[in-house]
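Breakdown of the fold
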Amino acid sequence: MINTEMKLRLVEEAFLARESSYAPYSRFKVGAAILTTDGRIFRGANIENASYGATICAERTAAVKAVSEGAEAFVAIAVVGAEENANLEALDLAYPCGICRQVLREFLPTSGEMIILVATSPTAFFETTLHALLPHSFGPEDLDYLME
Ligand code: THU
């Protein structure tokens, strides 16, 4: 479970993460912050590449940081994305891309939804769930036969 205070904290962390964005090509800076089921927060920013294709989104940066530090599941993720000179007080919604949705799906909590917070300002966000953004998804349970 996650209360409003923690949601706002995650949004704040996503804004801080965005400051570390490396986006010289698109100049679209994205920050993300993940709350793990063990209560830790991991920040991530988009890291672009001159090859373009090797670019890594903010959400996946945060996810791989969390899992590589021992996290097993995610309670919530806050995301903020906007062009570098955007007015941060009135942002358009920047939803996680399809690849990031699938990567997040791997780390669903065993009970409850994974909450997605898309920031529209440092103190305002649109709230949805991973399930709403990626219905009928494919996940680890589909490969349970491998465990037989
Ligand atoms: N980007 C993210 O970081 N997350 C998303 O979910 C969508 C896109 C980044 C990738 C690239 O650096 C820039 O935004 C423009 O696509």
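The sections below set out a description of the structure shown in this document. Just so it is clear, the model here is predicted, and its values are computed rather than measured.

**Concerning the packing of helix H2 (residues 58–68) against helix H3 (residues 98–105)**
Their axes nearest at 9 Å, the elements H2 and H3 cross at an angle of 20°. Classed by the angle they form, the pair H2 and H3 counts as roughly parallel. Considering how the two elements wind past one another, H2 and H3 form a crossing that is left-handed. Side by side, H2 and H3 meet where Glu59, Arg60 and Ala63 of the first sit next to Ile99, Cys100 and Val103 of the second. In the contact of H2 with H3, the residues fall into four nonpolar, no polar and two charged.

**Observations regarding the environment of Asn46**
Relative to the assigned elements, Asn46 resides in the loop between strand E2 (41–45) and H2. Taking C-alpha positions, Asn46 is 17 Å from Leu91, a pair spaced 45 residues apart along the chain. Every residue in contact with Asn46, bar those within four places of it in the chain, is listed here: Ser21, Tyr22, Ala23, Phe28, Lys29, Val30, Ile56, Cys57 and Ala58. Within polar-contact distance, the side chain of Asn46 engages the side chain of Ser21 at 2.7 Å.

**Some words on the pairing of strand E4 (residues 115–121)**
Counting buried positions over the seven residues of E4 gives six, a clear majority of the element. Remark: the strand E3 (residues 74–83)/H3/E4 crossover connection has right-handed handedness. Here E4 runs beside strand E5 (residues 124–129); their pairing, made up of six bridges, is antiparallel. Looking at E5, one finds that Ala119 is bridged to Phe125. Connecting E4 to the next strand, E5, in antiparallel fashion are two residues.

**Section: the site of the ligand**
Surrounding the ligand, one finds Ser26, Phe28, Val30, Asn46, Glu48, Thr55, Cys57, Ala58, Glu59, Tyr95, Pro96 and Cys97. A distance of 2.5 Å separates an oxygen atom of the ligand from a polar atom in the side chain of Glu48. At 2.9 Å from an oxygen atom of the ligand is found a main-chain nitrogen or oxygen belonging to Ala58. Isolated, the ligand exposes 380 Å² of accessible area, and the fraction of that covered by the protein chains is 77%. Broken down by secondary-structure element, the contributors of at least two residues to the shell around the ligand are strand E1 (28–36) and H2. A breakdown of the residues in the shell around the ligand according to their chemical character gives seven nonpolar, three polar and two charged.

**What to know about the side chain of Thr36**
Relative to the elements of secondary structure, Thr36 occurs in strand E1. Of the polar contacts made by the side chain of Thr36, one reaches the side chain of Asp38; its length is 2.4 Å. Aside from chain neighbours lying at most four places away, what touches Thr36 is Phe42, Ala66, Ala71, Ala73, Phe74 and Val75.

**Focus: the pattern of salt bridges**
Evaluation of the coordinates by the stated rule reveals five salt bridges. Put simply, Lys7 and Glu127 hold a salt bridge, and the shortest N to O gap is 3.0 Å. Pair noted here: Lys7 is in helix H1 (residues 4–18) and Glu127 is in strand E5, with a separation of 120 residues, a long-range link. With relative accessibility at 12%, the residue Lys7 sits in the buried group. Its relative accessible area of 35% is what places Glu127 among the partly exposed residues. Here Glu141 makes a salt bridge to Arg105, at a shortest N to O gap of 3.1 Å. With Glu141 in the segment after helix H4 (130–133) and Arg105 in helix H3, this residue pair connects regions lying 36 residues apart in the sequence. Taking the relative accessible area as the measure of exposure, Arg105 reaches 9% and is therefore buried.

Analysis parameters
- Residues numbered from 1 in each chain as written.
- Predicted model: local features only at pLDDT ≥ 70, side-chain atom pairs only at ≥ 80, totals over all residues.
- Heavy atoms only, no water.
- Axes fitted to C-alpha atoms, helices over the stretch in contact; angles between N-to-C directions.
- Helix = DSSP H or I, 4+ residues; strand = E, 2+ residues; numbered from the N terminus.
- Parallel < 35°, antiparallel > 145°, perpendicular 65-115°, else oblique.
- Left-handed = near helix turned anticlockwise from the far one by under 90°.
- Contact = heavy atoms within 4.5 Å.
- Nonpolar A, V, L, I, M, F, W, Y, C, P; charged D, E, K, R; others polar.
- Polar contact = N/O pair within 3.5 Å; in protein donor to acceptor, adjacent residues only side chain to side chain.
- Buried < 20%, exposed > 50% of the residue type's maximum accessible area, 1.4 Å probe, protein only.
- Right-handed = clockwise from strand over helix to strand, strands pointing away.
- Pairing = 2+ DSSP bridges.
- Near = heavy atom within 4 Å.
- Areas by Shrake-Rupley, 256 points an atom, 1.4 Å probe, with all protein chains shown as cover.
- Salt bridge = Lys/Arg side-chain N within 4 Å of Asp/Glu carboxyl O.

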